[in-house]
Amino acid sequence: MVCTHEAVPQNGALLDLLSNPPARLKNEHRLLEGRFMEIFDIHHHLGSLNGGSLRDEAGWQDRDYENRVRIMDANGIATAAILAATGYIQAEGIKDTMRSNDSVATYRRRDPKRFPVACGIVEPLHGTRSLEELERMKHELQLDGVVWHSRFQGLAVDHPLMRPLLKKVEELGLVPLIHTNAESNLEAVWRLERLAREFPDLTFLALDALTTNTNSQLALDIAKRTTNILFDTAHIRGGGFIRQFVEQAGSHRLVFGSLFYSYPASYERCATLEEIKAAGLSEADLANVLSLNAKKLFKLE
Ligand SMILES: [Zn+2]
């Protein structure tokens, strides 16, 4: 049995081409590397939807990390933002929220190359105590952003209690990540549009906005009439809508987010990523969506 590559004639011209490829081939190689080796996933929650970032059993973060990295590798995802999850027990109020944020910071410290971004959480119903926690998240824990999932937090996205929190977020230079899932009126995406107009110097990341046909169309309209909301790709319907969004709102407004919980794993094969890759976007648009927009938002480069 002879390996097929041994049958390839090893003549001088071929060796020369391999060792010194023309610029066009070098560029294609570089683009392919960028396309498939530097994919940044903006939407990875720590822990599970039920139980959040607080779990009791020993070694859960080790198991979480092992499973998460295995699935990232299998899908060619190099880096991810690790986000606090909601649904945690709050019998001790803000102390539980603080433990959740500590947990996110600890997880990021175990592998900051894989997880260059980590985002905590504050509860609007904790009132001004949340302002102190935002300070601690920024200065003590070095977190990069704040996640809200309003339907699990009991108040609408645009509730008055959100305003002082967003003022503090802006002052501290944190990034606000706000779920706007079509399944919840509390998370209606038009509520986020109100906040975006009130805080024109903040750039918001809308998570889950591209859920369902109706919500996706509304989100696209909002994208066209605002400048400071980016939209993640969680729940996105397919290549046709991805192209439409990029053509009408621009690739600088769309950010790859797979929506991953590791307990249990949300997926083995990331269909969202495959749809984006197959959507027929230009190399420049693809690079924006898969990597560059997230890096710019979090000032990673
Ligand atoms: Zn989420």
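Computed from a predicted structure; not experimentally measured.

**Digging into helix α6 (residues 162-172)**
So, point 1. Those residues of α6 lying buried are M162, L165, L166, K168 and V169. The arc that holds every buried residue of α6, seen down its axis, measures 160 degrees, which confines them to one face.
So, point 2. Summarising the contacts, the buried residues of α6 are in contact with α5 (129-139), β4 (145-148), β5 (175-179) and α7 (189-198).
So, point 3. Within two residues after α6, G173 carries a phi angle of roughly 75 degrees, on the positive side.

**Some words on the nonpolar core**
So, point 1. Core analysis: the biggest nonpolar cluster contains 73 residues, and C119, V146, L205, A206 and F231 have the highest contact counts within it.
So, point 2. The residues contacting V146, other than those within four sequence positions of it, are C119, G120, I121, V122, L134, V169, L174, P176 and L177.

**Comments concerning the sheet that holds strand β1 (residues 39-45)**
Across a sheet, paired strands are connected by hydrogen bonds in the backbone, their directions being either parallel or antiparallel.
So, point 1. Strand order in the open sheet made by the nine strands is β8-β7-β6-β5-β4-β3-β2-β1-β9, with parallel pairing throughout. Lying at the two open borders of the sheet, with one neighbouring strand each, are β8 (254-255) and β9 (260-261).
So, point 2. Of the strand pairs in this sheet, strand β2 (residues 77-83) and strand β3 (residues 117-121) are connected by three bridges, and their pairing is parallel. Residue I82 lies in a different strand from β3, and its bridge partner there is A118.
So, point 3. Relative to the sheet, α7 contacts β5, β6 (204-207) and β7 (229-232), its axis offset from that of β6 by approximately 175 degrees.

**Examining unusual backbone geometry**
So, point 1. Even without a glycine there, the phi angle at Q142 is positive, about 55 degrees.
So, point 2. Relative to the elements of secondary structure, Q142 occurs in the loop between α5 and β4.
So, point 3. Of note, the phi angle at H235 is positive, near 70 degrees, even though the residue is not glycine.
So, point 4. Mapped onto the elements, H235 comes out in the loop between β7 and α9 (239-249).
So, point 5. When the 19 C-beta atoms within 10 Å are taken as the criterion, H235 is described as partly exposed.

**Remarks on the environment of T180**
So, point 1. Structurally, T180 is set in the loop between β5 and α7.
So, point 2. Taking C-alpha positions, T180 is 9.3 Å from R151, a pair spaced 29 residues apart along the chain.

**Side note on the confidence of the model for the protein**
So, point 1. When the pLDDT values of the protein are averaged, the result is 88; 85% of them are 70 or greater.
So, point 2. The low-confidence segment residues 1-36, where pLDDT is below 50, has eight contacts with residues more than four positions distant or belonging to other chains.

**A few points about the packing of helix α8 (residues 213-225) against α9**
So, point 1. The interhelical angle for the contact between α8 and α9, taken along N-to-C directions, is 20 degrees, at an axis separation of 9 Å. Relative to α9, the element α8 lies roughly parallel. Two packed elements cross with a definite hand, and for α8 against α9 that hand is right-handed. Residues S216, L220, A223 and K224 of α8 pack against F241, F245, Q248 and A249 of α9.
So, point 2. Residue composition of the contact of α8 with α9, by class: five nonpolar, two polar and one charged.

Thresholds applied
- Residues numbered from 1 in each chain as written.
- Predicted model: local features only at pLDDT ≥ 70, side-chain atom pairs only at ≥ 80, totals over all residues.
- Buried ≥ 20, exposed ≤ 12 C-beta atoms within 10 Å, placed from the backbone.
- Helix = DSSP H or I, 4+ residues; strand = E, 2+ residues; numbered from the N terminus.
- Arc of directions from axis to C-beta.
- Contact = placed C-beta atoms within 7 Å.
- Core = buried A, V, L, I, M, F, W, Y, C linked by C-beta atoms within 7 Å.
- Pairing = 2+ DSSP bridges.
- Axes fitted to C-alpha atoms, helices over the stretch in contact; angles between N-to-C directions.
- pLDDT = per-residue confidence, 0-100.
- Parallel < 35°, antiparallel > 145°, perpendicular 65-115°, else oblique.
- Left-handed = near helix turned anticlockwise from the far one by under 90°.
- Nonpolar A, V, L, I, M, F, W, Y, C, P; charged D, E, K, R; others polar.

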